[in-house]
Amino acid sequence: MEEPATGGRPKRTRAQTRTTTENNASDASEHVDRDRESSPDDFEAPRPKAKRGRPPSGSTAAPPKASALTLIEVVKGNGKLIPQAVKLWVERYEKDAKPATVELLTMLFEACGAKYHIKEELLDETNVDDVVVALVELARSGNVDDYQSSKKEFKNMKDNLQSFWDKLVCECQHGPLFDQILFEKCMGYIIALSCTPPRVYRQTATLMGLQLVTSFITVAKTLGVQRETTRRQLEAEKKKQSEGPRVESLNKRFSMTHENITILEQMMRNIFQGLFVHRYRDIEPNIRTSCIEALGVWILSYPSMFLQDLYLKYLGWTLNDKNAGVRKASVLALQNLYEVDDNVPTLGLFTERFSTRMIELADDIDISVAVSAIGLVKQLLRHQLLPDDDLGPLYDLLIDDPAEIRHAIGALVYEHLISQKFISSQSGAKGVENNSSEVQLGRMLQILREFSADPILSVYVIDDVWEYMNAMKDWKCIISVLLDENPLIELTDEDATNLVRLLCASVKKAVGERIVPATDNRKPYYTKAQKDVFEHNKQDITLAMMKNYPLLLRKFMADKAKIPSLVDIILHMNLGLYSKRRQEQNFETVLQLIKEAFFKHGEKEALRSCANAIMLCSTDSQGELKDTARNLVKELHDELIHNKLKPAMKEVVDGGDEYPLLVNLKRMYELQLSGNVPIESLYEDMVSTLQSYTNKDDQVVTFLLLNMYMHVQWSLHAIIHSPTISEASLSSILAKRDSLLERLEYILNSCLEMEGNRCNQLARWVCVILTDLSRLFKKTNFASSKLEKLGYSPDASVLQKFWKLCVQQLSISDGTEDDDGNKEYIEETNRDTVMMAAVRLAVTDKVYKEYLGPEIISRFVMHGTSGAEIVKHLITFLKKNDDDLPKTFLEALKMAYHRYMVELSRSDDESLASKHFLEFQELAAQLSGTFIGASKNKHKSDILKIVNEGIEYAFIDAPKQLSFLEGAVLHFVSKLPTPDILEINVNIQNRTENVNMDEDPSGWRPYHTFVQTLREKFAKIEEEKDGTSVRRRGRPRKRRNIQGKRLFDDHGSSEEEDSISGSDHENAQDEEEQQDEDEDDDDDEDVPLINQIRSSSKLRSLKVSREGNKGQT
């Protein structure tokens, strides 16, 4: 790398340099030895550690003074002695410059970690390049200390070193700073060391060089103030008299001050050109970050010199740096610049060139960079430097996955579009009107119109803006607008729907409930103060809703889009306030209206909201309110059973309309999800309806089965928690369970016989119910107890039919539905639900595991990412609980290979067979990939067993199945140590000693490929051991650098056109996927799948998948 020339640097011949270098090294060693010999500490015995707050016994030693310490010892210390040490050194320099300069340079070298001493008499003759060469040799020999490391004893070194040079510049500003000798010499060494290969030299020299510029700026600003004062005095004096001693003195002072400022600015330029332009693109990210942070400070604090395109472009270029820390430093530096209004006009060209990149960074791969970039965009909007058309990509981030990014965009949307701070700040009195709740709600509704078609996206937008928009907590204003009591806003039906959703979501947020699921799904932790705020909010919401709630329910009773959100609000109210405020009548009215809504609507969301609300009121309310709610629940049950369901069943049996039965079965199912419903008298009617039902409408059959299963589950729950168990109760639940199992097996057979996708949803529910029944009545749950006769295990034929139905449903896309299918529950019965049911049944019992385990694992890579994640949970379970894991893995591989062989034999389409083989190979890669790190050694015997038995299988009827070697065995061999690989290679070649492979060359090709690969792998390992092949480990570097663009032609140079990395993905860390995950809690294992589906389906629906890859960030 070409080094910048520095003025006034003495030169010597190479021969002189070598001699001097050797002498210097010897002298430095002698100097250190003398220092050690003169140190009394070397002869003192170690003393016991003194107790805190009590001086050691007999101790009279005073803390060391700065005069007794070397400069490097002062810098290594706690920093308190730095001002005194600097002052003493300046005094020594003014008395005798040479020894003081040698002392300072020695400290400079020692700060870099090298012990090197220049002889005083040779100071003027010493060549900087020769010293640096000697220092690099010291580093190569390992004789260097790294004070920039994270060791505890060096934690203050960086700050102290910066403080030292800052104090030195300030102390020298009245003398040595401007002699153009001392600091020129120091700068020469600092610049040269910053361009050396050793990282520790570059890092420390860069730190010192950047600090020098910062300190020069401090002095230059002080001199600038003095120059301006002198200029004003001079102008005033010239008005009095054109000449004279006073004018001459002021002229001299002005010229001297101006000259000193010019000297400082030239030294800044020298460091910038010699150090910064090289180190801002250093390979070490910390050095690049330091450079950009320092440049930001320089431009902000000394704009007269640095606020120009020549320097600004480096901030623009590093917006593309591959390291997130560097990008963030650049963004934060620009934020500080745009905060100063006076800087904005000068930043015009820079903004025009780099504003697009600033917007792109809002979608950076690093969350902290993205959040900072959004803050920068807010600054640009404040100065009206961005057109609204450029903000489209930002608004898409309102539904991004990371909450930090969404909330940062929410703040931008609130300030720019809702409160309109960037506009209203210039409009004076209109600001008050713009901040009114009505106006802000109107603007928010205008935004929500863009998301009306998808309520989930609306919830995301509300969550993003909620923290900043107080109008969302103005309950009275929202209610008055919904009741048409506020003339400032006229609601359309679309706006009313969005406002109801906003009210419900805002209520949930106000009481501490998440409305958008977190990525980790952890329960949030709240402090006592936060909980107190939530309780206060709950009280405010209840008071605002108490009298208006019935009015809202009546107004929107018939609207299926609004009623679920309205009914959900009561779940977050303080019901006790109804009693305290003597509003029992309003409470009863609300319950009656919710009951009316329950029977008025037949959609899942409305029914589920009403069922949950009624059940909560009957359990969480107190006193008379609780009695009122329980009476209403009883009335609800009686009306649904006797007045709705029984007549509907009779009507269907008589050949009447099926819809009343379907909708009332859905109502009963939703009620049973929230609590126990006494339907003993109805259960036999359900069984007989199923038996006599000839039309076999999938939806009716599905909800008959679901209600029967829920009743069996509640009956089992009652028996388990009952203090006494009667034979009658046991016989009753056994009869109910057996009749349900009988109908399930009948429908199971029917679904397998049907062609096409007609019983798609029904078949998936059958899989789920059969799994849950098998887990609920697992024999081990009741072994050696009074309930032992309740134990159940499906026989082998049922198990085989179950898996056959699962395979059938897994092969059907989720988008394939019946023409008249029920779309509402489709998300609860997708392919993942079927896979989950199979996995849960597999881990229930060893018998199920032996049959279902290999079958499920063999389909690891066949059903998308979500399906693969479910299978991973099974593999994790098996690795912790299965003693015969190799057998399970090998059987799974054989099944996948068999599918390939069958397709190969019966199909003329090679692409289809090739697809099956690729799936087989990917399965082997995924299974072998579960043995990583320490797991390879722990499971070495398992891997070896898979390899040996896989080879045995491959050689059955050779060469027909030899492709099993190449497709599966090879992936596991790579996980074994070298001796085992060598032994396997020998054994497999022994199998072919007397075999004529020329008879079928193509059939034996996989064998030759396998053997050749083993040889190459063994040879590669041997080469690495011998050192004959040295290769870079880890991910190969991507060559994705782009040529730096010349932004400003007037200041372009070859140095300024060096390549800047435009790839941010290059910095993304490729981490191995963690294979061993914690098992689910026992409570989660025992929860029926139907209940898990109910709680997880909403979370799945809230998960917004981003289309396409994230931008280059």
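Reading the values: the criteria
Residues numbered from 1 in each chain as written. Predicted model: local features only at pLDDT ≥ 70, side-chain atom pairs only at ≥ 80, totals over all residues. Heavy atoms only, no water. Helix = DSSP H or I, 4+ residues; strand = E, 2+ residues; numbered from the N terminus. Buried < 20%, exposed > 50% of the residue type's maximum accessible area, 1.4 Å probe, protein only. Contact = heavy atoms within 4.5 Å. Salt bridge = Lys/Arg side-chain N within 4 Å of Asp/Glu carboxyl O. Phe/Tyr/Trp six-rings, centres within 6.5 Å; stacked < 30°, edge-to-face > 60°. Lys NZ or Arg CZ within 6 Å of the ring centre and 35° of its normal. pLDDT = per-residue confidence, 0-100. Core = buried A, V, L, I, M, F, W, Y, C linked by side-chain atoms within 4.5 Å. Expected span 1.5 Å × (residues − 1). Polar contact = N/O pair within 3.5 Å; in protein donor to acceptor, adjacent residues only side chain to side chain. Arc of directions from axis to C-beta. Axes fitted to C-alpha atoms, helices over the stretch in contact; angles between N-to-C directions. Parallel < 35°, antiparallel > 145°, perpendicular 65-115°, else oblique. Left-handed = near helix turned anticlockwise from the far one by under 90°. Nonpolar A, V, L, I, M, F, W, Y, C, P; charged D, E, K, R; others polar.

Topic: the overall build of the protein chain
Then, number 1: Summing up its helical and strand segments, the protein chain has 49 helices and two strands in all.
Then, number 2: Across the 1113 residues of the protein chain, 49% fall into the buried class.
Then, number 3: For the protein chain, contacts bridging at least 24 residues in sequence account for 74% of all contacts bridging at least 6.

Observations regarding the pattern of salt bridges
Then, number 1: On inspection of all chains with the given rule, the structure shows 38 salt bridges.
Then, number 2: Linking D738 and R737 is a salt bridge whose minimum nitrogen-to-oxygen distance equals 3.1 Å.
Then, number 3: With a closest N to O distance of 3.6 Å, R1005 and E966 form a salt bridge. Residue R1005 is found in helix α47 (residues 1001-1026), and its partner E966 is found in helix α45 (residues 963-973); the two are separated by 39 residues along the sequence.
Then, number 4: According to the relative accessible area criterion, R1005 is partly exposed, its value standing at 45%.
Then, number 5: Each of the salt bridges in this network shares a partner with another, and the network as a whole consists of E228, R231, R232 and E235.

Thoughts on the environment of L640
Then, number 1: Residue position: L640 is located in helix α30 (residues 623-653).
Then, number 2: By relative accessible area, which is 0% here, L640 ends up buried.
Then, number 3: C-alpha of L640 to C-alpha of L665: the two residues are 25 residues apart in sequence and 9.3 Å apart in space.
Then, number 4: The contact partners of L640, leaving out residues within four places of it in the chain, are F599, L645, N664, R667, M668 and L671.

Overview of the packing of aromatic side chains
Then, number 1: Scanning the entire structure with this criterion turns up 33 aromatic pairs.
Then, number 2: Ring plane angle 80 degrees and centroid distance 6.2 Å describe the contact between Y897 and Y953, whose orientation is recorded as edge-to-face. Separated by 56 residues along the polypeptide, Y897 in helix α41 (residues 885-906) and Y953 in helix α44 (residues 940-954) bring together distant segments of the chain.
Then, number 3: What makes Y953 buried here is its relative accessible area of 15%.
Then, number 4: With 4.9 Å between their ring centres and 55 degrees between their planes, Y900 and F917 make a pair best called tilted. In this pair, Y900 is assigned in helix α41 and F917 in helix α42 (residues 910-928), connecting sequence segments 17 residues apart.
Then, number 5: Under the relative-accessibility criterion, Y900 is labelled buried at 12%.
Then, number 6: Judged by relative accessible area, which is 15%, F917 ranks as buried.
Then, number 7: Feature note: the residues F272, F276, Y280, W298, F306, Y311, Y314 and W317 constitute an aromatic cluster, connected by ring pairs.
Then, number 8: Across the ring face of Y683, the terminal group of K736 is positioned such that the distance to the ring centre comes to 5.8 Å.

Points about the environment of M649
Then, number 1: Its place among the elements puts M649 in helix α30.
Then, number 2: M649 gets classed as buried once you look at its relative accessible area, which sits at 3%.
Then, number 3: Along the primary structure M649 and L665 are separated by 16 residues, whereas in three dimensions their C-alpha atoms are 9.9 Å apart.
Then, number 4: Contacts of M649, omitting those with residues within four sequence positions, involve L661, L682, D685, M686, T689 and L704.

Considerations on the environment of P524
Then, number 1: Looking at the element boundaries, P524 is found in the loop between α23 (493-510) and α24 (528-545).
Then, number 2: Linking P524 and R514, residues 10 residues apart in sequence, is a C-alpha distance of 8.6 Å.

Notes on the confidence of the model for the protein chain
Then, number 1: Averaged over all residues, the pLDDT of the protein chain equals 82, while 82% of them reach at least 70.
Then, number 2: Here residues 424-432 is modelled with pLDDT under 50, and outside its nearest four sequence neighbours on either side it reaches five contacts, counting other chains as well.
Then, number 3: Low pLDDT, under 50, characterises residues 1027-1085; the predicted model gives this stretch 96 contacts beyond four residues in sequence or across chains.

Focus on unusual backbone geometry
Then, number 1: At the junction of A958 and P959, the peptide bond is cis and its omega measures out at 5 degrees in the coordinates.
Then, number 2: Look at Q180: it is not a glycine, yet its phi comes out positive at around 60 degrees.
Then, number 3: Position of Q180 among the secondary structure elements: in the loop between α6 (157-171) and α7 (182-193).
Then, number 4: For Q180, a relative accessible area of 52% puts it in the exposed group.

As for the nonpolar core
The tendency in soluble globular proteins is for nonpolar side chains to be buried side by side.
Then, number 1: W165 and F216 are the most contacted members of the largest nonpolar core, which totals 319 residues.
Then, number 2: Here this core gets 13 residues from one element, more than from any other, and that element is helix α8 (residues 199-240).
Then, number 3: Leaving out residues up to four positions away in the same chain, F216 has contacts with V169, L177, F183, M187, L264, M267, M268 and I271.

A short note on helix α21 (residues 455-466)
Then, number 1: Between its first and last C-alpha, α21 extends 16 Å over 12 residues, near the 16 Å set by a 1.5 Å rise per residue.
Then, number 2: Of all the 12 residues making up α21, nine are buried; the element is thus mostly covered by neighbouring parts of the structure.
Then, number 3: Sitting at the head of α21, D454 places a side-chain oxygen 3.0 Å from the backbone nitrogen of I456.

What about the side chain of S739?
Then, number 1: Looking at where S739 falls in the secondary structure, it is placed in helix α34 (residues 727-753).
Then, number 2: Residues within four places of S739 in sequence aside, it is in contact with Y683 and V687.

Remarks on α42
Then, number 1: With 19 residues, α42 ought to run about 27 Å at 1.5 Å a step, and its terminal C-alpha atoms sit 27 Å apart, in line with that.
Then, number 2: Residues of α42 that are buried include every one of A913, H916, F917, E919, F920, L923, A924, L927 and S928, and no others. What you see down the axis of α42 is that its buried residues fit within an arc of 165 degrees, all on one side. Exposed side chains of α42 directed beyond 90 degrees from the buried face belong to E910, S911 and L918.
Then, number 3: On its buried face, α42 is in contact with α39 (846-857), α40 (864-881), α41 and α45.

Thoughts on the packing of helix α22 (residues 475-482) against α23
Then, number 1: Two numbers describe how α22 lies on α23: the axes approach to 10 Å, and their chain directions differ by 155 degrees. Judged by the angle between their axes, α22 and α23 are roughly antiparallel. Between α22 and α23 the crossing geometry is left-handed. Residue-level inspection shows W475, I478, V481 and L482 of α22 in contact with α23, the latter providing A496, L499, V500, L502, L503, S506, V507 and A510.
Then, number 2: In terms of residue class, the contact of α22 with α23 is built from 11 nonpolar, one polar and no charged.

Side note on the packing of helix α35 (residues 760-776) against helix α37 (residues 796-810)
Then, number 1: One can describe the packing of α35 onto α37 by two numbers: an axis separation of 10 Å at closest approach and a directional angle of 140 degrees. With respect to each other, α35 and α37 are oriented oblique. The two elements α35 and α37 meet at a crossing, and its hand is left-handed. For the pair α35 and α37, the contacting residues are N760, A763, R764, V766, C767, L770 and T771 in the first and V798, F802, L805, C806 and Q809 in the second.
Then, number 2: Of the residues that constitute the contact of α35 with α37, the class distribution is eight nonpolar, three polar and one charged.

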